[in-house]
Amino acid sequence: YLLYPTPKASFIMMSMLTELLDDARQKPLERAARIAQVSRFESSGITSKMIQGEFLRLTEQVLQRENNRSLYQQCFQIIEKGVSPEIRREVAYLFHYEMARSYYNQGNYLMAKKYFALALNEQPNNVELSAILVNSLGLSLRNERNLSAAADTLLAYRKRFPILEENNNFNAMLANAYAACFGAAFEKGKLSEGETFLKKFEELVASQPQISLESEMIGRAYSEAASFYFNKGQKTKARALIEKGLEFSPDNRELRLRKQMIR
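Here the structure is a predicted model, which means the values were calculated and not measured.

**Notes on the side chain of Thr 59**
With respect to the element layout, Thr 59 can be found in helix 3 (residues 48-65). Thr 59 gets classed as buried once you look at its relative accessible area, which sits at 1%. Within the structure, the side chain of Thr 59 is placed 2.8 Å from the side chain of Tyr 72, a separation counted as a polar contact. Setting aside anything within four residues of it in sequence, one finds Thr 59 in contact with Gln 64, Tyr 72 and Glu 98.

Next comes the structure, spelled out in structure tokens:
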């Protein structure tokens, strides 16, 4: 073919490569190299879907059956170097998504969110993928004690992936993080920090009225804020905060008790 590039020679090479791909005895790294080689024959009928299918077969063998992430990454690196930019994007999405799913199924949500985010880089408008990323974010932050750091993490992801602004669960997560932050700040007597997070919370909820808020979190946060101002002798401000908290959580027992106490 190098000396005389005829369609016939090209077709024979493609046929030989596809035969090799069907050889079950082939080692994963060799199979990865063959996948990259056969992708060059787009003019002879090889499509991106075919390459994705072959990569998924490799995924099943190396990642799902053998749980060998290191080898799986080596296979991906071989393929991405030898395919067109279009095919590379599709294969990269599959690689990062499958890696994320592997970590998620093992309960490693920190690594799962990393790879789900990399997959979302390839398909930034994928609604289903963004929902899975939000779930991974929530699970990875559930034991985070630094409330401000948790809010910063969520903001960083929102900036990176604007589609998250359309996700009610993400907005609820951020709102609850803000509530936890201003409650903790007022409890520690940090007025400026408390007011900053309180403002962010109320602005977010005003722009996203359909989100679900944690009633217990709202009660605790607004109670702490009201107690802060009550102890400063600002009863009017304290009562206003209690009323505001009850707008978000009308049946909150803690806020109702505070309201009776501040009369």
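So much for the structure itself; the text now carries on.
**Comments concerning the packing of helix 12 (residues 235-248) against helix 13 (residues 253-262)**
Where helix 12 meets helix 13, the closest approach of the two axes is 10 Å, and the angle between their N-to-C directions is 155°. As summarised for this structure, helix 12 and helix 13 are arranged roughly antiparallel, according to the angle between their axes. When you trace helix 12 past helix 13, the crossing you get is left-handed. Facing Lys 235, Ala 238, Arg 239, Ile 242, Glu 243, Gly 245 and Leu 246 of helix 12, the residues of helix 13 in contact are Leu 255, Arg 256, Arg 258, Lys 259 and Ile 262. For the contact of helix 12 with helix 13, the residue count by class is five nonpolar, one polar and six charged.

**Quick notes on the packing of aromatic side chains**
For the coordinates displayed, the defined rule picks out 20 aromatic pairs. Aromatic pair Tyr 178 and Phe 197: ring centres 6.1 Å apart, planes at 45°, arrangement tilted. With Tyr 178 in helix 9 (residues 168-187) and Phe 197 in helix 10 (residues 191-207), this residue pair connects regions lying 19 residues apart in the sequence. Judged by centre distance (5.3 Å) and plane angle (90°), the rings of Phe 228 and Tyr 229 are edge-to-face. The class for Tyr 229 is buried, based on a relative accessible area of 4%. Clustering of aromatic rings is evident, with ring pairs tying together Phe 182, Phe 186, Phe 201, Tyr 222, Phe 228, Tyr 229 and Phe 248. Here the basic side chain of Arg 69 rests over the ring of Tyr 103, its NZ or CZ set 3.8 Å away from the ring centre. A cation over an aromatic ring shows up here: Lys 237 above the ring of Tyr 229, its NZ or CZ 5.3 Å from the ring centre.

**As for helix 12**
Relative to the 20 Å expected for 14 residues at 1.5 Å per residue, helix 12 spans 20 Å between its end C-alpha atoms, a close match to the ideal helical length. If you check which residues of helix 12 are buried, you get Ala 238, Leu 241, Ile 242, Gly 245 and Leu 246. The buried residues of helix 12 all sit within an arc of 140° when viewed along its axis, so they share a single face. Turned more than 90 degrees off the buried face of helix 12, the exposed positions are Thr 236 and Glu 247.

**Digging into the packing of helix 11 (residues 215-231) against helix 12**
Axis separation between helix 11 and helix 12 bottoms out at 7 Å; the angle between their running directions is 170°. For the element pair helix 11 / helix 12, the angle class is roughly antiparallel. Between helix 11 and helix 12, the contacting residues are Ile 218, Tyr 222, Ala 225, Ala 226, Tyr 229 and Phe 230 on the first element and Lys 235, Lys 237, Ala 238, Leu 241, Ile 242, Lys 244, Gly 245 and Phe 248 on the second. Looking at the contact of helix 11 with helix 12 residue by residue, the class counts come to 10 nonpolar, one polar and three charged.

**Observations concerning unusual backbone geometry**
The phi dihedral of Asn 67 falls on the positive side, at around 55°, and the residue is not glycine. With respect to the secondary-structure elements, Asn 67 resides in the loop between helix 3 and helix 4 (69-82). By relative accessible area, which is 39% here, Asn 67 ends up partly exposed.

**Some thoughts on the nonpolar core**
Core analysis: the largest hydrophobic core is formed by 77 residues, its most contacted members being Phe 55, Phe 182 and Phe 201. Per-element accounting of this core gives the leading share, 11 residues, to helix 9. In contact with Phe 201, other than residues within four places in its own chain, are Ala 175, Tyr 178, Ala 179, Phe 182, Leu 213, Ile 218, Tyr 222 and Phe 248.

Parameters at a glance
Residues numbered from 1 in each chain as written. Predicted model: local features only at pLDDT ≥ 70, side-chain atom pairs only at ≥ 80, totals over all residues. Heavy atoms only, no water. Helix = DSSP H or I, 4+ residues; strand = E, 2+ residues; numbered from the N terminus. Buried < 20%, exposed > 50% of the residue type's maximum accessible area, 1.4 Å probe, protein only. Polar contact = N/O pair within 3.5 Å; in protein donor to acceptor, adjacent residues only side chain to side chain. Contact = heavy atoms within 4.5 Å. Axes fitted to C-alpha atoms, helices over the stretch in contact; angles between N-to-C directions. Parallel < 35°, antiparallel > 145°, perpendicular 65-115°, else oblique. Left-handed = near helix turned anticlockwise from the far one by under 90°. Nonpolar A, V, L, I, M, F, W, Y, C, P; charged D, E, K, R; others polar. Phe/Tyr/Trp six-rings, centres within 6.5 Å; stacked < 30°, edge-to-face > 60°. Lys NZ or Arg CZ within 6 Å of the ring centre and 35° of its normal. Expected span 1.5 Å × (residues − 1). Arc of directions from axis to C-beta. Core = buried A, V, L, I, M, F, W, Y, C linked by side-chain atoms within 4.5 Å.

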